[in-house]
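Architecture at a glance
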Amino acid sequence: MDSVGLPFSCAAPVVAIDGPVASGKSSVGKAAAQILGLRFLDTGIMYRAVTWLALHSGVAATDTGAVAELAAACRMELAQSDNTDAAIMVDGKPLGTELMSADVDENVSAVSAVRAVRVELVRQQRGIASSGAMVMAGRDIGSVVLPNADLKLYIDAAPEERARRRHAQILLVDPGIQYDRVLADTLRRDGLDMERADSPLVAAADAVIIRTDDMDFEQTVSAVVSAIQSVAFDDCDTVRSG
């Protein structure tokens, strides 16, 4: 792993970024990782991929057994760097913008709540992280997936602001989407994510909280990069996956 630009005492920092839907954790985490020369994984994309597979296989998101079988049967890996349209590779197939549709939005929390799905995807996430330095973003990275990460960040913003950002994003693939629908779905998903029995969304006790309500994208990226750069990693030769 090339550590140029990384002011760390080793070349394998593992950074966990958590936060609610549309908090900016994924886009900001990806940008920060690119600046620092680190690999990046948005774990939410993996749950979206399972949801997309279910919807396109005629499997209801509420059919926990069938959804769990889909998750167990597929192999996910980081998208190849030369495929800029892909968010994740699933069984060698690149998936990207199709994972951001309103239908996936409305069903992903139900899929994410299936314990067997979470167990399988956490296993795959730890496997991806085991190969070295990276930034991993999601809703349970610091608390469950990589509880011993070298740095934990929790990015947050008010639901209304997050819905505004999400609405602008969905408009790219669904021009008819209304803001009120996105806000209602944001609040619904917050409730599902925070109240689920298995791996609920929480800020890890040792996480650095970054609120982005009054920050633009560049400012948020700068804050995340600074947070990563401010930490001296004494012993991160191996990934700490708990």
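The text that follows walks through the structure, step by step, so that each part is easy to find. A quick note: this is a predicted structure, and the numbers were derived from the prediction, not measured. (Residues numbered from 1 in each chain as written. Predicted model: local features only at pLDDT ≥ 70, side-chain atom pairs only at ≥ 80, totals over all residues. Heavy atoms only, no water.)

Some words on the packing of helix α2 (residues 43-55) against helix α4 (residues 102-112)
Selection rule: Throughout, an axis means a line fitted to C-alpha atoms (over the contacting stretch in the case of helices), and angles, computed between N-to-C directions, take values from 0 to 180 degrees. Secondary structure elements follow DSSP: runs of H or I of four or more residues count as helices, runs of E of two or more count as strands, with numbering from the N terminus. Any angle from 65 to 115 degrees is called roughly perpendicular, while one under 35 is roughly parallel, one over 145 is roughly antiparallel, and all others are oblique. We call two residues contacting when some pair of their heavy atoms lies within 4.5 Å. Each residue is assigned to one class: nonpolar for Ala, Val, Leu, Ile, Met, Phe, Trp, Tyr, Cys and Pro, charged for Asp, Glu, Lys and Arg, and polar for all the others, Gly among them.
Relative orientation of the contacting elements α2 and α4 amounts to 110 degrees, with a least axis distance of 9 Å. Judged on the interaxial angle alone, α4 and α2 are roughly perpendicular. When α2 is examined against α4, the residues Tyr47, Arg48, Val50, Thr51, Trp52 and Leu55 are found in contact with a partner set consisting of Asp103, Val104, Asp105, Asn107, Val108, Val111 and Ser112. Split into classes, the residues belonging to the contact of α2 with α4 amount to 7 nonpolar, 3 polar and 3 charged.

Quick word on the environment of Ala207
To be explicit about the condition: Accessibility here uses a 1.4 Å probe with only protein chains present; expressed as a share of the type maximum, an area under 20% marks a residue as buried, one over 50% as exposed, and anything in between as partly exposed.
Secondary-structure assignment places Ala207 in the loop between α8 (179-195) and β8 (208-211). Using a relative accessible area of 17% as the deciding quantity, one classes Ala207 as buried. Considering only alpha carbons, one finds Ala207 and Ile155, 52 residues apart in sequence, at a separation of 9.7 Å.

Observations concerning α8
Note the threshold: What a helix should span is 1.5 Å times the count of its residues minus one. Taking the helix axis as origin, the arc is that swept by the directions to the C-beta atoms.
If you check α8, its first and last C-alpha atoms are 24 Å apart, about what 17 residues at 1.5 Å a residue would give, namely 24 Å. Buried residues of α8: Val182, Leu183, Asp185, Thr186, Arg189, Asp190 and Asp193, and no others. Taken end-on, α8 shows its buried residues confined to a sector of 165 degrees, consistent with a single buried face. Away from the buried face of α8 by more than 90 degrees, exposed residues Asp180 and Glu195 are located.

Structural notes on the sheet that holds strand β7 (residues 151-156)
Applied cut-off: In this scheme, strands are said to pair when DSSP sees at least two bridges between them.
Pairing within the open sheet is parallel, and its 5 strands lie in the order β2-β6-β1-β7-β8. Both outer strands of the open sheet, β2 (39-42) and β8, are each paired with one neighbouring strand and no more. Strand-to-strand twist in this sheet, taken as the mean axis angle between neighbours without regard to direction, amounts to 20 degrees. The sheet contact formed by β7 and β8 spans 4 bridges and is parallel. From the neighbouring strand, Ile155 faces β8, where its bridge partner is Ile210. Of the strands in this sheet, β2 and β6 (134-138) are in contact with α2, which crosses β2 at around 45 degrees. Packed on one face of the sheet, helix α9 (residues 217-229) meets β1 (14-18), β6, β7 and β8 and runs near 160 degrees to β7.

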